[in-house]
Amino acid sequence: MTRHLYPLFSLRMDITRPLVEKVALLARLEIPPADADRVAAQLGRIVTMVETLNKLDTKGVEPLSNPTGLVDAFRSDEPRPSLSRDEALANAPDKVEMFLRVPRVVE
Amino acid sequence: MIDLTASEIRDGVRAGKWKAREVVDAHLERIAAVDPKLHAYLHVDADGARAAADRVDASGVKGLLAGVPVAVKDNMCQRGIPTTCASKILEGFRPPYDATALLRALAAGAVPVGHTNLDEFAMGSSTENSAYGPSRNPWDPTRAPGGSSGGSAVSVAARMTPLAFGSDTGGSIRQPAALCGVVGMKPTYGRVSRYGLVAFASSLDQIGPIARTVRDAAMFLQAFAGHDALDSTSAPAEVPDYEKDLEAGVKGLRVGVPKEFFGAGTDPGVRAAIDAALKVLQKQGATLVEMSLPHTDYGIAAYYVIAPCEASSNLARYDGVRFGHRAKSFDGLIDMYRKSRTEGFGEEVRRRILLGTFALSSGYYEAYYKKALQVRRLIKNDFDEAWKKVDVIAGPTSPIPAFKIGEKANDPIAMYLCDVLTVTAPLAGIPGISVPAGFTEGNLPVGLQLLGKEWSEATLLRTARSYERETEFWKRSPAL
């Protein structure tokens, strides 16, 4: 995997239509062709706003992903009561007997 | 009866002065009368509410919330009750279990009356992003109630319930509470179990109380706070008695006033109300300390990387397989995912998923996500420095009062900026409360925001209560 290394202080990302279409596929969303330019422009404005972060020097700053400081909450590995199969399947949009039905994934 | 506070209702039920059933009937009648104008509710469960009230009346045990009608934000799972997050993708979804916070409120005798409107998946600041139409501000129905817990704030402000659950990710409890003239608190991250709260941004989301008075907020939080084995991020720490020192006042309390909280965009009416509020605290014996939180202005930028990144991951579960909407026609599995999700999610949710997917994708992760997490650390450092000099930080909850419905609907960045004063607390994991602080000349409510260090909910409640005792803005109710 190649990582593109952008010098952080000159980063100005251009949100193009092909980029948005690629991201939409990754996100499992569709963008109607008539909408793609508008969506790209809108995301571009948000990304530009976000890039104000580059005004800050964060060299050596430890990233903060979780504010609690809690780590590794363990529990004992014992069976507990859980949902019945009928309850777990009750909201499924398509099911056959005790299975969820999906389109064929292996040819 | 609808003007009673939650603690008055509870005390009356315990003393046999009235029955939980009478209380809930009065509130259901109020909902039927005013909600067609305000649209606070997506689903009213009148039969379930009456049955729950009857159970409270029949039971000898009268808990902390005995007979108190409670509204539930529609992103909290309630067994068998439609829970949609105001999204088409969850239309018809009926959870097979209850959120822990709700379960605890029920065990304390609360009577759940229905589910309230929100911005879809709690993404928004006006409740206009609901797939089922906006809620309206009871002080001026042409204006938005704020969001995302807009329906919950409206329910409490308009006397449809004395209490409502909200959830706060970037300000979604405090901002609508401010814009609707009620009390709203975001607890410390980990204070309340997130089990059964539909995940938006897991490192930020926190359930909290919306109420008319500070005492009611304290009592409500008491009923549902605390460790839960079903949420590994809930803190295994004792919950203090939030009502114990509620009346102890603010003598000697050091209240920090950050200059960044009064930027150029602050509405003059908001400014005047907050200046007056600070004088009240000073008169009551608090010391005002001028201070700075230098990274405040970077909060929105950091938040709009971190929250969409977490959302893009959390919302991957909506795949049209196990629950939720599935497209009628598609060509293969990937197409089924894409069509189901595109049909099911609204525009703002799709926008944030795209933004988060982009920021987490190969090549951009370091420049955006990691950078935002580093700025998040700087924001937390600002607060950690502040607590060496002050006990509480005070300022406006929102720089502006309630805005017109539609005013910001086509400008996502203008909408994001509504949260400029509320996003830093969840980024740092600290608690915050908004308490009614009077009105602008246009008769729109203003909220005073108080922030404190981790686990300082009792201090915030005591400070808010001290201010409330002097001002009693909560006694004013909107003409409907």
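The written sequence of each chain sets the order in which its residues are numbered from 1. Here every chain gets a letter starting at A, and every ligand a number starting at 1, in the order they are written. The model is predicted, so local features are restricted to residues of pLDDT at least 70 and side-chain atom pairs to those at 80 or more, both for listing and for counting; the totals for chains, interfaces and linings are taken over all residues. Processing note: side-chain calculations cover all non-hydrogen atoms of the structure and skip hydrogens and water entirely.

Participant: Would you mind showing me how to read the overall build of chain A here?
Facilitator: When helices and strands are tallied, chain A shows three helices and two strands. Strands here are runs of E lasting at least two residues and helices are runs of H or I lasting at least four, both read from the DSSP assignment and numbered beginning at the N terminus. From first element to last, N terminus to C terminus, chain A shows the α and β order α-α-α-β-β. Whether a residue is buried, partly exposed or exposed follows from its accessible area with a 1.4 Å probe, protein chains only, as a fraction of its type maximum: under 20%, in between, or over 50%, in that order. With 107 residues in all, chain A has 30% of them scored as buried. In what follows, a contact means two residues having at least one pair of non-hydrogen atoms within 4.5 Å. Here the analysis covers contacts within chain A between residues at least 6 apart in sequence; of these, 41% occur between residues at least 24 apart. Summed over its atoms, the accessible surface of chain A is roughly 7800 Å², and 55% of this surface lies on carbon and sulfur atoms. In these tables, accessible area is a Shrake-Rupley quantity obtained with a 1.4 Å probe, and a residue counts as shielded only by the protein chains included in the view.

Participant: How should the interface of chain A and chain B be read in this particular structure?
Facilitator: Note: interface size is frequently given as the accessible area lost on complex formation between the parts. Contacts between chain A and chain B engage 57 residues on the former and 70 residues on the latter. Roughly 5700 Å² of surface becomes buried between chain A and chain B when both sides are summed, with 69% attributable to carbon and sulfur atoms. When a carboxyl oxygen of Asp or Glu lies within 4 Å of a side-chain nitrogen of Lys or Arg, that pair is called a salt bridge. The tally of links between chain A and chain B comes to four salt bridges. Between A:Asp94 and B:Arg326 there is a salt bridge whose closest N-O contact spans 3.6 Å. Pairing of N or O atoms within 3.5 Å defines a polar contact, subject to two protein rules: one partner must be a possible hydrogen donor and the other a possible acceptor, and residues neighboring in sequence count only if both atoms are side-chain atoms. At the junction of chain A with chain B, the criterion picks out 20 residue pairs in polar contact (both at pLDDT 80 or more). Counting only elements with at least two residues in the side of chain A that touches chain B, the list comes to helix H1 (17-26) and helix H2 (36-50) of chain A. When residues of the side of chain A that touches chain B are assigned to their parent elements, the largest contribution, nine residues, is made by H2(A). Considered class by class, the residues forming the side of chain A that touches chain B number 35 nonpolar, ten polar and twelve charged. A simple way to read buried area is as the amount of 1.4 Å-probe accessible surface that goes missing from two parts once joined, with both sides added. By the convention adopted, Pro, Cys, Tyr, Trp, Phe, Met, Ile, Leu, Val and Ala count as nonpolar, Lys, Arg, Asp and Glu as charged, and the other residues, Gly among them, as polar.

Participant: Quick question: what am I supposed to make of the sheet that holds strand E3 (residues 111-116) of chain B here?
Facilitator: Within a sheet, each strand pairs with its neighbour through backbone hydrogen bonds, oriented either parallel or antiparallel. Residue and element names in this part refer to chain B. Strand order in the open sheet formed by eleven strands is E1-E3-E2-E4-E6-E5-E10-E11-E9-E7-E8, with mixed pairing between adjacent strands. Each edge of the sheet is formed by a strand with only one pairing partner; in this case those strands are strand E1 (41-44) and strand E8 (287-291). Strand-to-strand, the axes of this sheet are offset by a mean angle of 30°, without reference to chain direction. On top of the sheet, helix H4 (residues 100-107) reaches strand E2 (69-73), E3, strand E4 (163-168) and strand E6 (206-211); it is set at about 160° to E4, its chief contact. Where helix H15 (residues 457-471) meets the sheet, it contacts strand E5 (183-186), strand E9 (392-396), strand E10 (432-439) and strand E11 (445-452), and its direction lies at approximately 10° from that of E10. The rule for pairing is simple: two strands pair if DSSP sees at least two bridges between them. To get an axis, fit a line to the C-alpha atoms, keeping to the stretch in contact for a helix; angles then go from 0 to 180 degrees between the N-to-C directions.

Participant: Looking at this structure, how should I read the nonpolar core?
Facilitator: Soluble globular proteins tend to bury their nonpolar side chains together. All names here are of chain B. By nonpolar core is meant a set of buried Ala, Val, Leu, Ile, Met, Phe, Trp, Tyr and Cys residues that side-chain atoms within 4.5 Å join together. Core analysis: the biggest nonpolar cluster contains 171 residues, and Leu65, Phe121, Phe165, Tyr368, Ile393 and Leu448 have the highest contact counts within it. If sequence neighbours within four positions are ignored, isoleucine 393 has contacts with Gly256, Pro258, Phe261, Met291, Leu293, Phe383, Ala386, Trp387, Gln449, Leu450 and Leu451. Listed in part, the seven residues of the second largest apolar core include Ala144, Leu179, Ala402 and Cys418.

Participant: For this particular structure, what's the right way to read the confidence of the model for chain A?
Facilitator: The predicted coordinates of low-pLDDT regions are not to be read in fine detail. Each residue carries a pLDDT score, the predictor's confidence in it, ranging from 0 to 100. Averaged over all residues, the pLDDT of chain A is 87; the fraction at 70 or higher stands at 89%. In the model, residues 1-10 of chain A has pLDDT below 50 throughout and makes 16 contacts with residues more than four positions away in sequence or in other chains.

Participant: It is not clear to me how unusual backbone geometry should be interpreted in this structure. Could you clarify?
Facilitator: Of all residues except glycine, most have a negative phi; of all peptide bonds, most are trans. All names here are of chain B. In this model, glycine 147 is joined to serine 148 through a cis peptide bond whose omega is 15°. Of note, serine 148 is situated in the loop between E3 and helix H5 (150-157). Its identity is not glycine, yet alanine 122 carries a phi of approximately 70°, on the positive side. At threonine 127, a residue that is not glycine, the phi angle is positive and equals roughly 65°.

Participant: How do you make sense of the pattern of salt bridges when you look at a structure like this?
Facilitator: Once the charged atoms of two side chains with opposite charge are near each other, the side chains can pair. Residue and element names in this part refer to chain B. For the coordinates displayed, the defined rule picks out 37 salt bridges over all chains. Across the pair arginine 50 and aspartate 47 runs a salt bridge whose closest N-O atoms are separated by 3.9 Å. You can see arginine 50 and its partner aspartate 47 sitting in helix H3 (residues 46-58), three residues apart, about one turn around the helix. The exposure class of arginine 50 is partly exposed, given its relative accessible area of 28%.

Participant: What should I look at first to understand the pairing of E11(B) in this one?
Facilitator: As a general feature of sheets, a regular strand has side chains that alternate between the two faces. All names here are of chain B. Of all eight residues making up E11, eight are buried, and the element is well covered by its neighbours. The two faces of E11 match: Pro445, Gly447, Gln449 and Leu451 on one face and Val446, Leu448, Leu450 and Gly452 on the other face are all buried. Sheet analysis places E9 next to E11, joined by five bridges and oriented antiparallel. Note on E11: the bridge partner recorded for alanine 394 is leucine 450. Relative to E11, E10 is paired through six bridges, and the arrangement is antiparallel. Bridged to valine 435 within E11 is leucine 448. Counted along the chain from E10 to the antiparallel partner E11, the turn is five residues long, and its residue asparagine 443 has a positive phi close to 60°.

Participant: Sorry if this is basic, but what is going on with the side chain of B:Glu310 here?
Facilitator: All names here are of chain B. Tracing the sequence through the fold places glutamate 310 in helix H9 (residues 299-314). Lys and Arg are tallied as positive, Asp and Glu as negative. Neither His nor the chain termini are counted. No salt bridge is formed by the buried glutamate 310, whose closest oppositely charged neighbour, arginine 376, lies at an N-O distance of 4.4 Å. Looking at glutamate 310, its side chain comes within polar contact range of the main-chain nitrogen of serine 202, at 2.7 Å. Once residues within four sequence positions are removed from consideration, glutamate 310 is found in contact with Phe200, Ala201, Ser202, Ser203, Leu204 and Arg376.

Participant: Honestly, H4(B) in this entry has me stumped. Any pointers?
Facilitator: Since one α-helical turn is 3.6 residues long, residues separated by three or four positions face the same way. Residues and elements named next belong to chain B. Those residues of H4 lying buried are Thr100, Ala101, Leu102 and Ala105. Contacts from the buried residues of H4 go to E2, E4, E6 and helix H7 (214-224). Where H4 terminates, the next one or two residues include glycine 109, which has phi positive at roughly 100°.

Participant: What am I meant to see in the environment of B:Asp47 here?
Facilitator: Since its relative accessible area comes to 62%, B:Asp47 is described here as exposed. Taking the C-alpha atoms as reference points, B:Asp47 and B:Arg174, separated by 127 residues in sequence, lie 31 Å from one another.

Participant: Can you walk me through the packing of aromatic side chains in this structure?
Facilitator: Where two aromatic rings form a pair, the distance of their centres and the angle of their planes describe that pair. Residue and element names in this part refer to chain B. Working definition: rings of Phe, Tyr and Trp (its six-membered ring) pair if their centres are within 6.5 Å, and the pair is stacked with planes under 30 degrees apart, edge-to-face with planes over 60 apart, and tilted otherwise. Inspection of every chain in the model, using the stated rule, returns 17 aromatic pairs over all chains. Residues tyrosine 304 and tyrosine 416 carry aromatic rings whose centres are separated by 3.8 Å and whose planes lie at 10° to one another, so their mutual orientation is stacked. Of the two residues, tyrosine 304 is situated in helix H9 and tyrosine 416 in helix H13 (residues 412-416); the sequence distance between them amounts to 112 residues. Using a relative accessible area of 2% as the deciding quantity, one classes tyrosine 304 as buried.

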